[in-house]
Amino acid sequence: MEDAQLAAMLVRRCVAGDAAAWEEIAQRYHRRIYNICYRFVGSADDAQDLTQEVFIKMYRTLKSYDLERGAFMTWVTTITRNLLVDHFRKSKQDRMTESLDTAASEHEDGMPLSERIPDKAQPPDAQVQSREVGQTVHGALQKLSPELREAVILRDLQDMDYKEIATVLKVPEGTVKSRINRGRAELARLLQRTYKQVM
Amino acid sequence: MSGQPKNGMQCAEFDALLSDALDGNLSGQKFDNFQSHSRSCAVCGPLMAEAEAGRRYLKSLEPVEAPPHLLENILVATSGIDSFRLASAARAGGQISSVGDTWFDRLQEWAGTLVSPVIAVARQPRFAMSFGMAFFSLSISLSLAGVKLSNVRHADLRPSAIKRTYYETSGRVVKYYENIRFVYEIESRVREFKRATTPAEPAPQDQDKGKSPKNNSSEHQEQNQQRNYSQGENQPMLASSPNDPPVVMSMDTNRRYS
Ligand SMILES: [Zn+2]
């Protein structure tokens, strides 16, 4: 695979002390990692912070990355996913502490994104701008449980194969497929409720 | 889902084949069985329709553009690690890992041009703050140690004079706070204060002493660590504590946890 060979070459150059190689790695992968983070956490700010964290972690552990062991993209996605788990748990804890402090926050930021999904019932005709549909789908995605969300993001948005996803999530392939089915179906149900009509 | 076989296929098997079917990777007898199960099963039929619709929704999502400064920020943040490593290696005895040399230098040099104006700005309030804190701590400890601030008021407040006052009284202060960390804090603040007020002096070796060397060992376990979203509810935050972000990075990011 072209991509894997290029990545392996870049990593080798990078570990050998080539700064340009690191720049190229960042150049080639930052958009993809940002997209995973953005689709998972929902907010651009958090996604940006998380993407930086991913690269810092990558940078620190690049030397320990075993070129023989697996695809670079799988490795990078694993780092990303682990940080997303950390982020999710942290923000969940924060939300719990917050709800103890203030019964009901008027602050919009205090509200989980999942509750900010627009509830306008719109007919899914061709005139509805794809941008708006995108926003709605993105909002609905945030309502999925994290296990289902990450599965469909990696499969349908990142086009990873089931085996790679199983490696990243450290679950059997059968579990991956089942989560993808449930994630897709749950998303469709959420959106059908929003549109009150089957697309 | 019932385990009842319908048309030669159980619901569990249908579930296992569904994603392949939607990918268009099912054929032959398997595909026929799959099709007839989806038509006859009240659970799997709707599941397939929903999964198909959900897949279409997801596929309609376009990749988003990364924010304009993300790449820059990444490079600056990671070269911040370099300068830190350099500094700690120098402190440890001038040994820099053989891998690093050229590329640490080059990255640091490159980042330096980008970052140094920012750092220069950030240093001003930091040192002003240190000065304020040092004087505040000093005045509290002096008054507690029996030195009235009113006596000092008319004294020379030039840095050197303050330094002298400090050394003259620190003996007394130490007696009061012999076992209290506070003293060390005052002393380090005054040291920092001295450094800030005497720029002509050669830079001390321990400029970065606030930062302790990063523990990298956890990162090597990273890949083998099993993580899930619900575990660790009542665990300490250990597993979720990321490494301290480097100074450079935290300056231009607004870290939120909501
Ligand atoms: Zn069935």
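Residues numbered from 1 in each chain as written. Chains lettered and ligands numbered in written order. Predicted model: local features only at pLDDT ≥ 70, side-chain atom pairs only at ≥ 80, totals over all residues. Heavy atoms only, no water.

(A) Representation of the overall build of chain A within the structure. From N to C terminus, chain A includes eight helices and zero strands. Secondary structure of chain A in N-to-C order comes out as α-α-α-α-α-α-α-α. In chain A, which comprises 199 residues, the proportion classed as buried is 56%. For chain A, the proportion of contacts with a sequence separation of at least 24, taken over those separated by at least 6, is 61%. Accessible surface for chain A amounts to roughly 8,900 Å². Of this, 49% is attributable to carbon and sulfur atoms. (Helix = DSSP H or I, 4+ residues; strand = E, 2+ residues; numbered from the N terminus. Buried < 20%, exposed > 50% of the residue type's maximum accessible area, 1.4 Å probe, protein only. Contact = heavy atoms within 4.5 Å. Areas by Shrake-Rupley, 256 points an atom, 1.4 Å probe, with all protein chains shown as cover.)

(B) Molecular detail of the overall build of chain B. The secondary structure content of chain B amounts to 10 helices and zero strands. In chain B, the succession of α and β elements from N to C terminus is α-α-α-α-α-α-α-α-α-α. Scored against the burial criterion, the 258 residues of chain B give a buried share of 34%. For chain B, long-range pairs separated by at least 24 residues make up 67% of all intrachain contacts whose partners lie at least 6 apart in sequence.

(C) Broad picture of the coordination of the zinc ion. All names here are of chain B. Looking at the metal site, the zinc ion is ligated by Cys-11 (SG), His-37 (NE2), Cys-41 (SG) and Cys-44 (SG), spaced 2.1 to 2.3 Å from it. Read from N- to C-terminus, the donor residues coordinating the zinc ion fall into the pattern C-x25-H-x3-C-x2-C. A residue is classified by how much of its surface remains accessible, and His-37, at 0% relative accessible area, is buried. For Cys-41, a relative accessible area of 4% translates into the label buried. (Donors = N, O, S within 2.8 Å, 3.2 Å for Na, K, Ca; no water.)

(D) Structural detail: the nonpolar core. Residues Trp-22, Ile-25, Met-58, Phe-72, Leu-141 and Leu-187 of chain A are the most contacted members of the largest nonpolar core, which totals 66 residues. Residues contacting Leu-187 of chain A, with those up to four places away along its chain left out, are Val-137, Ala-140, Leu-141 and Leu-144 of chain A together with Gly-54, Tyr-57 and Leu-58 of chain B. Judged by nonpolar contacts, the second largest core, of 15 residues, contains Phe-14, Leu-18, Cys-44 and Ala-51 of chain B. (Core = buried A, V, L, I, M, F, W, Y, C linked by side-chain atoms within 4.5 Å.)

(E) Region of the structure containing the packing of aromatic side chains. All names here are of chain A. Scanning all chains against the criterion turns up 10 aromatic pairs over all chains. Centroid distance Trp-22 to Phe-55: 6.0 Å. Interplanar angle 75°. Geometry classified as edge-to-face. Within this pair, whereas Trp-22 is found in helix H2 (residues 19-41), its partner Phe-55 is found in helix H3 (residues 44-61), the two being separated by 33 residues in sequence. Take Trp-22: its relative accessible area is 0%, and that puts it in the buried class. The class for Phe-55 is buried, based on a relative accessible area of 0%. Here a set of aromatic residues connected by ring pairs shows up, and it is made of Tyr-29, Tyr-65, Phe-72 and Trp-75. Arg-155 extends its terminal NZ or CZ atom over the ring of Tyr-162, reaching a point 4.6 Å from the ring centre. (Phe/Tyr/Trp six-rings, centres within 6.5 Å; stacked < 30°, edge-to-face > 60°. Lys NZ or Arg CZ within 6 Å of the ring centre and 35° of its normal.)

(F) Seen up close, the pattern of salt bridges. Enumeration over the complete set of coordinates arrives at 11 salt bridges over all chains. When the shortest N-O distance is used, the salt bridge between Arg-13 of chain A and Asp-18 of chain A registers 2.9 Å. Using a relative accessible area of 29% as the deciding quantity, one classes Arg-13 of chain A as partly exposed. We note a salt bridge from Asp-23 of chain B to Arg-55 of chain B, for which the minimum N-O separation is 3.8 Å. Separated by 32 residues along the polypeptide, Asp-23 of chain B in helix H1 (residues 11-23) and Arg-55 of chain B in helix H3 (residues 44-59) bring together distant segments of the chain. On the basis of relative accessibility, which here comes to 23%, the residue Arg-55 of chain B falls in the partly exposed class. (Salt bridge = Lys/Arg side-chain N within 4 Å of Asp/Glu carboxyl O.)

(G) Region of interest: helix H2 (residues 28-40) of chain B. Residue and element names in this part refer to chain B. The end-to-end C-alpha distance of H2, which contains 13 residues, comes to 19 Å, matching closely the 18 Å that a straight helix rising 1.5 Å per residue would cover. For H2, the set of buried residues is Phe-34, Ser-36, His-37 and Ser-38. The inward-facing, buried residues of H2 abut H1 and H3. (Expected span 1.5 Å × (residues − 1).)

(H) Quick peek at the side chain of Arg-179 of chain A. Residues and elements named next belong to chain A. Relative to the elements of secondary structure, Arg-179 occurs in helix H8 (residues 173-195). Among buried Asp, Glu, Lys and Arg side chains, Arg-179 stands out as unpaired, with Glu-150 the closest opposite charge at 4.1 Å. Those residues in contact with Arg-179 that lie beyond four places of it in its chain are Glu-147, Leu-148, Glu-150, Ala-151, Leu-169 and Val-171. (Lys, Arg positive; Asp, Glu negative; His and termini not counted.)

(I) Quick look at H2 of chain A. Residues and elements named next belong to chain A. Helix length check: H2, at 23 residues, gives a terminal C-alpha distance of 31 Å against a target of 33 Å (1.5 Å per residue), a fit within 8%. At Tyr-29, H2 shows its strongest bend, of approximately 45°. One side-chain oxygen at the N-terminal end of H2 lies 2.9 Å from the backbone nitrogen of Ala-20; it belongs to Asp-18. Looking one or two residues beyond H2, the residue adopting positive phi is Gly-42, at roughly 90°. (Bend = angle between axes of the 7 residues up to and from the residue. Polar contact = N/O pair within 3.5 Å; in protein donor to acceptor, adjacent residues only side chain to side chain.)

(J) Fine view of unusual backbone geometry. Notably, Asp-159 of chain A is not glycine yet its phi reads approximately 55°, a positive angle. Relative to the helices and strands, Asp-159 of chain A is located in the loop between helix H6 (146-157) and helix H7 (162-169).

(K) Structural context of the packing of H6 of chain A against H8 of chain A. All names here are of chain A. H8 packs onto H6 with a crossing angle of 95° between their chain directions and a minimal axis gap of 8 Å. In terms of orientation, H6 lies roughly perpendicular with respect to H8. Judged by residue contacts, Glu-147, Leu-148, Glu-150, Ala-151, Val-152, Arg-155 and Asp-156 of H6 engage Arg-179, Ile-180, Arg-182, Gly-183 and Arg-184 from H8. Of the residues contributing to the contact of H6 with H8, the split by class is four nonpolar, one polar and seven charged. (Axes fitted to C-alpha atoms, helices over the stretch in contact; angles between N-to-C directions. Parallel < 35°, antiparallel > 145°, perpendicular 65-115°, else oblique. Nonpolar A, V, L, I, M, F, W, Y, C, P; charged D, E, K, R; others polar.)

(L) Expanded view of the environment of Ile-153 of chain A. Residue and element names in this part refer to chain A. Residue position: Ile-153 is located in helix H6. Given the relative accessible area of 1%, Ile-153 is considered buried. A sequence separation of 30 residues divides Ile-153 from Gly-183, and the C-alpha atoms of the two residues are 9.5 Å apart.

(M) Spatial organisation of the confidence of the model for chain A. All names here are of chain A. Chain-level pLDDT for chain A is 85 on average; 82% of the residues reach the 70-or-more range. Considering each helix and strand of chain A separately, the mean pLDDT is smallest for helix H1 (residues 2-15), with a value of 86, and largest for H6, with 98. For the stretch residues 103-122, pLDDT sits under 50, and the model shows 27 contacts to residues farther than four places along the chain or on other chains. (pLDDT = per-residue confidence, 0-100.)

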